[in-house]
Amino acid sequence: MSSRDFVVRRLMPGEGAAYRKLRFAALENAPLAFSSSPEDEAHLSDVDFEVRISLAEPDAVFGVFGSGALVGVATFIAEKRRKTRHKGAMYGVYVDPDWRGTGAAQALVRQVIDHATTRGLALHAHVIADNAPALRLYLGLGFVSYGVEPRALLVDGVFYDEQLLIYQPRG
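Please read all numbers here as calculations on a predicted model, not as lab measurements.

Undergrad: Explain the overall build of the protein to me, please; I cannot follow it from the model alone.
TA: If you tally the helices and strands in the protein, you get five helices and seven strands. Of the regular secondary structure in the protein, the N- to C-terminal order runs β-α-α-α-β-β-β-α-β-α-β-β. Here the protein has a C-alpha radius of gyration of 16 Å; the compact-globule value for 171 residues is 16 Å, and the two agree. In terms of overall dimensions, the protein has C-alpha extents of about 40 × 40 × 35 Å along its principal axes. The buried share among the 171 residues of the protein stands at 42%. By sequence separation, contacts in the protein at least 24 residues apart represent 61% of the contacts at least 6 residues apart.

Here you go:
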């Protein structure tokens, strides 16, 4: 494991272009990790990503910054309906492969956990069932599985199941 310096914080206005660039790298490099494809988001501009960054509380987009660049991202979106607004979900988690094994992914997911739980919100996540590294990360940070959605994604003619997770504080 490498020990490289990084900072995790909420993305700010003016960082839409960097966010868009990393998002497209994620969609290209990890097609099974996202329900979107590069084709689904090809029409989105830097301005569209600026709009994503400026989500109203409690929604938020967090980034990992290392070596002066955005190297990881995760989004938290809370439910808006009266009966479900006590919960939210973590989406779009991605860390550049060069930054994996540095603790950046753990720090990023912990930031989302802290963001949700300090606001009293349940935190859900979905992970492709055979994505062992992501499952290890989430389960190691306190998520537990509550089910599987069969055939959740269809990529290149192959169906993939998703593991449904919820954060359960330890202790």
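Now that the structure has been shown, the text picks up again.
Undergrad: What's the story with the pattern of salt bridges in this structure? I'm lost.
TA: If the charged atoms of two oppositely charged side chains come close together, the side chains can form a pair. Overall, the coordinates contain seven salt bridges when judged by the stated rule. The structure contains a network of salt bridges with shared partners spanning R10, E57 and R119.

Undergrad: For this particular structure, what's the right way to read the nonpolar core?
TA: In terms of nonpolar packing, the biggest core is built from 29 residues, with M90, V109, L123, Y138 and F143 touching the most fellow members. For this core, the elements supplying multiple residues, two or more each, are strand 2 (60-66), strand 3 (69-78), strand 4 (87-95), helix 4 (104-117), strand 5 (122-128), helix 5 (132-140) and strand 7 (158-167). At seven residues, helix 4 tops the list of elements feeding residues into this core. Those residues in contact with V109 that sit more than four places away from it in its chain are M90, V93, L137, Y138, L141 and F143. Ranked by size, the runner-up nonpolar core spans 16 residues in total, among them L22, A30, F34 and L44.

Undergrad: Any chance you could explain helix 4 here in plain terms?
TA: In an α-helix there are 3.6 residues to a turn, and that puts residues three or four apart on one side. Along its 14 residues, helix 4 runs 20 Å from first to last C-alpha, staying within 8% of the 20 Å computed at 1.5 Å per residue. Regarding helix 4, the residues found buried are A104, A105, L108, V109, V112, I113, H115 and A116.

Undergrad: Is there a simple way to explain the environment of I166 in this structure?
TA: Mapped onto the fold, I166 is located in strand 7. Setting aside its immediate chain neighbours within four residues, I166 contacts A122, L123, H124, G142, F143, V144 and Y146.

Undergrad: Would you explain the sheet that holds strand 1 (residues 7-10) in this entry?
TA: By way of backbone hydrogen bonds, the strands of a sheet pair with one another, either parallel or antiparallel. With mixed pairing, seven strands are arranged side by side in an open sheet as 1-2-3-4-5-7-6. One side of each edge strand has no neighbouring strand; the edge strands of this open sheet are strand 1 and strand 6 (143-155). Sheet twist, expressed as the mean angle between neighbouring strand axes with direction ignored, is 25°. Pairing geometry for strand 3 and strand 4, over six bridges, is antiparallel. Counted as the bridge partner of V73 is Y94 from strand 4.

Calculation notes
Residues numbered from 1 in each chain as written. Predicted model: local features only at pLDDT ≥ 70, side-chain atom pairs only at ≥ 80, totals over all residues. Heavy atoms only, no water. Helix = DSSP H or I, 4+ residues; strand = E, 2+ residues; numbered from the N terminus. Rg over C-alpha atoms; globule rule 2.2 N^0.38 Å. Buried < 20%, exposed > 50% of the residue type's maximum accessible area, 1.4 Å probe, protein only. Contact = heavy atoms within 4.5 Å. Salt bridge = Lys/Arg side-chain N within 4 Å of Asp/Glu carboxyl O. Core = buried A, V, L, I, M, F, W, Y, C linked by side-chain atoms within 4.5 Å. Expected span 1.5 Å × (residues − 1). Pairing = 2+ DSSP bridges. Axes fitted to C-alpha atoms, helices over the stretch in contact; angles between N-to-C directions.

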